[in-house]
Amino acid sequence: MASSKSLMNLLTFTFGSAIGFFVCYLLFSIILEEQVKIQPHILHNDPHGQHSADTDNNELQGQMNFNADSGQHEDENKNIAEELYQKVKILCWVMTGPQNLEKKAKHVKATWAQRCNKILFMSSEENKDFPTVGLETKEGRDQLYWKTIKAFQYVYDHYFDDADWFMKADDDTYVILDNLRWLLSKYSPEQPIYFGRRFKPYVKQGYMSGGAGYVLSKEALKRFVAAFKTNKCSHSSSIEDLALGKCMEIINVEAGDSRDTSGRETFHPFVPEHHLIRGYLPKTFWYWNYNYYPAVEGPGCCSDLAVSFHYVDSMTMYHLEYLIYHLRPYGYLYRYNPDSAKDPEEQSKNEAPEDNQKIKQKISEN
């Protein structure tokens, strides 16, 4: 009798333990699954391990036109930006693919691409409706450099005389063209130079991050295309940005310094919060060892005249469009001009009387 009771207790204990274990397993599985869902998809410890991921958890079904109602900004003085638009002509080409036209490329087309002097979308196959240029290549990571070579060749053959600078960006990159024009206005397009987020490994002069985008001068483009005809450069690697950087060094195209006058970076390989929030990127992350210049985290990471951000999903594309080109704090006139004064306080004092007079006149008119 005692042995039967002991056996029953043992069975009850075993059954209860099994049920408890199973419940705990389910709970931990759910928790871990949720953590995976919210884990930033860019946190892989290989700078070349992921390129323009096909998955977009924040995919939008339609486009939005944030610039349809421009009346609220009609009083803004855009003379300098409009002057630079005419003087610093930039052709932008966006690396995309048939699978990303609706998920990503159309949101680029609806936002920052409108400020390029010329915009082209490069894909493995032609799409006359979007439209895209068909490069007649395969899709896949091992095709990225080949697509880049063929894209720049196409641009050189068809649009070389239509622009001064030639910008390559991914379909998940957001670019502030007005700030890029300010940066490029200091240089001649006849100078063999290119700009982007400068990385340091493997190439003596450094090379530019592919995700943050990079821009070639007219002379740099000319040399790059010629280098494949003379076999100075070859399609020897699938790692697009590194291979292009090695070629640029061979053909004596300078890796330019794209930092602003305060030494802050303008091209960014991640979305803003990954740079702005201290501790977001662990110190074991590859990023800290790749920057050509000392990397800064927190508010000092990024120039007020930032040029680009990468890994921008479709929703964030519109967030940035709104924050950069629409949001305004009431009662402020933006005074920062990096070309006019080294001391922002002195510049502010010089411009304050004139600005105050404008404000008073505006108020009196209302």
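Coordinates for the structure precede this section.
Just so we're clear, the structure is a prediction, and the values are computed from it rather than from any experiment.

Student: Sorry, what's going on with the nonpolar core here?
Tutor: Grouped burial of nonpolar side chains is what soluble globular proteins tend to show. By size, the foremost hydrophobic cluster in this structure holds 47 residues, and its most contacted members are Trp-93, Phe-152, Tyr-194 and Phe-224. Contributing elements (two or more residues each) for this core: strand 1 (90-95), strand 2 (118-123), helix 4 (144-159), strand 8 (207-208), strand 9 (214-217), helix 6 (218-229), helix 7 (240-250) and helix 9 (287-290). It is helix 4 that contributes the most residues to this core, seven residues altogether. Here Phe-224 is in contact with Tyr-145, Ile-149, Phe-152, Leu-216, Leu-244, Cys-247, Met-248 and Ile-251, once residues within four sequence places are set aside. One finds Leu-183, Val-215, Val-312 and Met-317 within the second-largest nonpolar core, a separate group that totals 38 residues.

Student: Would you take a moment to explain the packing of helix 6 against helix 7 for this structure?
Tutor: To describe two helices that pack against each other, one gives the angle between their axes and the distance between the axes. For the pair helix 6 and helix 7, interaxial distance at closest approach is 10 Å and the crossing angle is 90°. Judged by the angle between their axes, helix 6 and helix 7 are roughly perpendicular. Taking contact as the criterion, the partners of Phe-224, Ala-227 and Phe-228 in helix 6 are, on helix 7, Leu-244, Cys-247 and Met-248. When the residues that make up the contact of helix 6 with helix 7 are grouped by side-chain class, the tally is six nonpolar, no polar and no charged.

Student: Just checking my understanding: could you explain the packing of helix 4 against helix 7 for this structure?
Tutor: Close contact between helix 4 and helix 7 brings their axes to 8 Å; oriented N to C, the two are set at 55°. In terms of axis orientation, helix 4 runs oblique to helix 7. The two elements helix 4 and helix 7 meet at a crossing, and its hand is right-handed. Each of Leu-144, Tyr-145, Thr-148 and Phe-152 in helix 4 lies in contact with helix 7, whose residues at this interface are Glu-240, Ala-243, Leu-244 and Cys-247.

Student: Got a minute to help me understand the environment of Asn-291 in this structure?
Tutor: Summarising the element assignment, Asn-291 is placed in the loop between helix 9 and strand 11 (308-309). Distance in space between the C-alpha atoms of Asn-291 and Arg-197 is 8.0 Å, their sequence separation being 94 residues. Setting aside chain neighbours within four positions, we find Asn-291 in contact with Arg-197, Arg-198, Phe-199 and Lys-200. Separated by 2.9 Å, the side chains of Asn-291 and Arg-197 make a polar contact. In terms of polar contacts, Asn-291 uses its side chain to reach the backbone carbonyl oxygen of Tyr-287, at 2.7 Å.

Student: Is there a simple way to explain the side chain of His-107 in this structure?
Tutor: Relative to the assigned elements, His-107 resides in helix 3 (residues 101-110). What makes His-107 buried here is its relative accessible area of 0%. For His-107, the side chain forms a polar contact with the side chain of Tyr-318, separated by 2.9 Å.

Student: Would you take a moment to explain the sheet that holds strand 1 for this structure?
Tutor: Sheet strands line up and pair through hydrogen bonds in the backbone, either parallel or antiparallel. Here we have seven strands laid out as an open sheet, ordered 3-2-1-4-9-6-10, and mixed in their pairing. Where the open sheet ends on each side, the last strands, each with one partner, are strand 3 (133-134) and strand 10 (254-255). Inspection of the sheet shows strand 6 (residues 193-196) paired to strand 9 by three bridges, in the antiparallel sense. Residue pairing across strands places Tyr-194 opposite Leu-216, the latter belonging to strand 9.

Student: What is the right way to read the state of the cysteines from this model?
Tutor: Working definition of a disulfide: a covalent bond connecting the sulfur atoms of two cysteines. All told, the structure shown has three disulfides when counted by the stated rule. Covalent S-S linkage joins Cys-92 and Cys-116, the inter-sulfur distance amounting to 2.1 Å. Residues Cys-92 and Cys-116 are joined through a disulfide that is left-handed, its torsion about the S-S bond being -100°. One end of the pair, Cys-92, is in strand 1; the other, Cys-116, is in the loop between helix 3 and strand 2, with 24 residues separating them in the sequence. With respect to class, Cys-92 is no different from Cys-116; both count as buried.

Conventions used here
Residues numbered from 1 in each chain as written. Predicted model: local features only at pLDDT ≥ 70, side-chain atom pairs only at ≥ 80, totals over all residues. Heavy atoms only, no water. Core = buried A, V, L, I, M, F, W, Y, C linked by side-chain atoms within 4.5 Å. Buried < 20%, exposed > 50% of the residue type's maximum accessible area, 1.4 Å probe, protein only. Helix = DSSP H or I, 4+ residues; strand = E, 2+ residues; numbered from the N terminus. Contact = heavy atoms within 4.5 Å. Axes fitted to C-alpha atoms, helices over the stretch in contact; angles between N-to-C directions. Parallel < 35°, antiparallel > 145°, perpendicular 65-115°, else oblique. Nonpolar A, V, L, I, M, F, W, Y, C, P; charged D, E, K, R; others polar. Left-handed = near helix turned anticlockwise from the far one by under 90°. Polar contact = N/O pair within 3.5 Å; in protein donor to acceptor, adjacent residues only side chain to side chain. Pairing = 2+ DSSP bridges. Disulfide = S-S within 2.5 Å.

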